[in-house]
Amino acid sequence: MSNRISRINATIDNHICVWSSVPSFAPMAEILRNYRDILVEKLLDLTAREVSKGGSGHDAVRLFLLNFALEHMAGQITSEHFTIFRDAETVEVILEDSYGIQCRADKDDILIPHQNEALKIIIQCLFHRTRAADEKDLLCFLHMFSGEKPEERPDQDRTMRLRSMIWFIYLAIEIVKTERAVCSKGLEYFRNKFKELLDRTIDGTIIDEESRFPGFEEGKWEKTLFGWLQGEDRREFAMKLKRQFNMENRLEHVNRCLLADHRRCILVQVMFMFCRAVDMDMSPGRAK
């Protein structure tokens, strides 16, 4: 046990050394210093599980330390994080319609739900690869979500990708919370449903604006983000979002748009986090 603890401490020290050498990442090193005892305890369990599977656990430890540092540095998600294509007004109206606002004396705040889950998904799906984290992605994340913003300016393409990821996450959450069958029908159904709803939003068929009758699927999507994205004045915005989601896996602007790997990871994580919540809602003790 003492040898394992020594190795874990050496790994933590190595990360502290590397991150401390780069001013922009020094706050991440401070997180590891402040939480060393907790990290050692958690990594003892993590490495034991990885060894039992026949692995060394090196990649799992590296990802855990990175995720831990970023989660402890992340702040809140605001409407500014959704702002894309320099269209803050459209974004704010859509989010206000969908989530509502909290009135304060100095200003009104848009109520963004599921922030902890969304931040975890962003971290998981932006930095889940086995190779070392891309420094440009790290800078971009810290600039957007950390109170201690790096002095170095973030890459604009990576910023665009991250904002697109936020939209993709929240649209995916809407699907699981609105159609519980997604949890049992699986990833391929989830992927196809996302694409269908986005296309219907652009085509203007989520809400039947020409009729007093409910729209698509008895109108159950009308009060979701998909419904609030519909409209002639928002169609161009929705089309740009779809292009950023890169459903066709285009190769141009590869650092700006989502990749298939990002989309798949987000859908998997949304199912993992929110299908459990759906199961709890459907339990006999919570039946309505």
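Here the structure is shown first, and the text comes after it.
Residues numbered from 1 in each chain as written. Predicted model: local features only at pLDDT ≥ 70, side-chain atom pairs only at ≥ 80, totals over all residues. Heavy atoms only, no water.

Asker: With reference to specific residues and values, describe the state of the cysteines.
Answerer: When the sulfur atoms of two cysteines share a covalent bond, that bond is a disulfide. Under the counting rule described, the total for this entry stands at 2 disulfides. The disulfide partner of Cys 125 is Cys 265, and the S-S distance across this bridge is 2.2 Å. For the disulfide bridge between Cys 125 and Cys 265, the dihedral angle about the S-S bond is near -85°, and by the sign convention the bridge is left-handed. Here Cys 125, found in helix H7 (residues 115-126), pairs with Cys 265, found in helix H14 (residues 260-281); they are 140 residues apart in sequence, far enough to count as distant. Like Cys 125, the residue Cys 265 is buried in the burial classification. Sulfur-sulfur distance for the disulfide between Cys 183 and Cys 275 comes to 2.1 Å. Between Cys 183 and Cys 275, the disulfide has an S-S torsion of -95° and is therefore left-handed. With Cys 183 in helix H10 (residues 182-185) and Cys 275 in helix H14, this residue pair connects regions lying 92 residues apart in the sequence. (Disulfide = S-S within 2.5 Å. Helix = DSSP H or I, 4+ residues; strand = E, 2+ residues; numbered from the N terminus. Buried < 20%, exposed > 50% of the residue type's maximum accessible area, 1.4 Å probe, protein only.)

Asker: If you had to explain the packing of helix H6 (residues 88-99) against helix H9 (residues 156-178) to someone new, which residues and values would you point to?
Answerer: Describing two packed helices takes the angle between their axes plus the distance from one axis to the other. Remark: H6 packs on H9, axes separated minimally by 14 Å, with the N-to-C direction vectors making an angle of 25°. For the element pair H6 / H9, the angle class is roughly parallel. Here H6 and H9 pass one another in a crossing that is left-handed. Here Val 91, Ile 94, Ser 98 and Tyr 99 of H6 come into contact with H9, specifically with Trp 167, Tyr 170 and Glu 174. Residue classes in the contact of H6 with H9 are distributed as 5 nonpolar, 1 polar and 1 charged. (Axes fitted to C-alpha atoms, helices over the stretch in contact; angles between N-to-C directions. Parallel < 35°, antiparallel > 145°, perpendicular 65-115°, else oblique. Left-handed = near helix turned anticlockwise from the far one by under 90°. Contact = heavy atoms within 4.5 Å. Nonpolar A, V, L, I, M, F, W, Y, C, P; charged D, E, K, R; others polar.)

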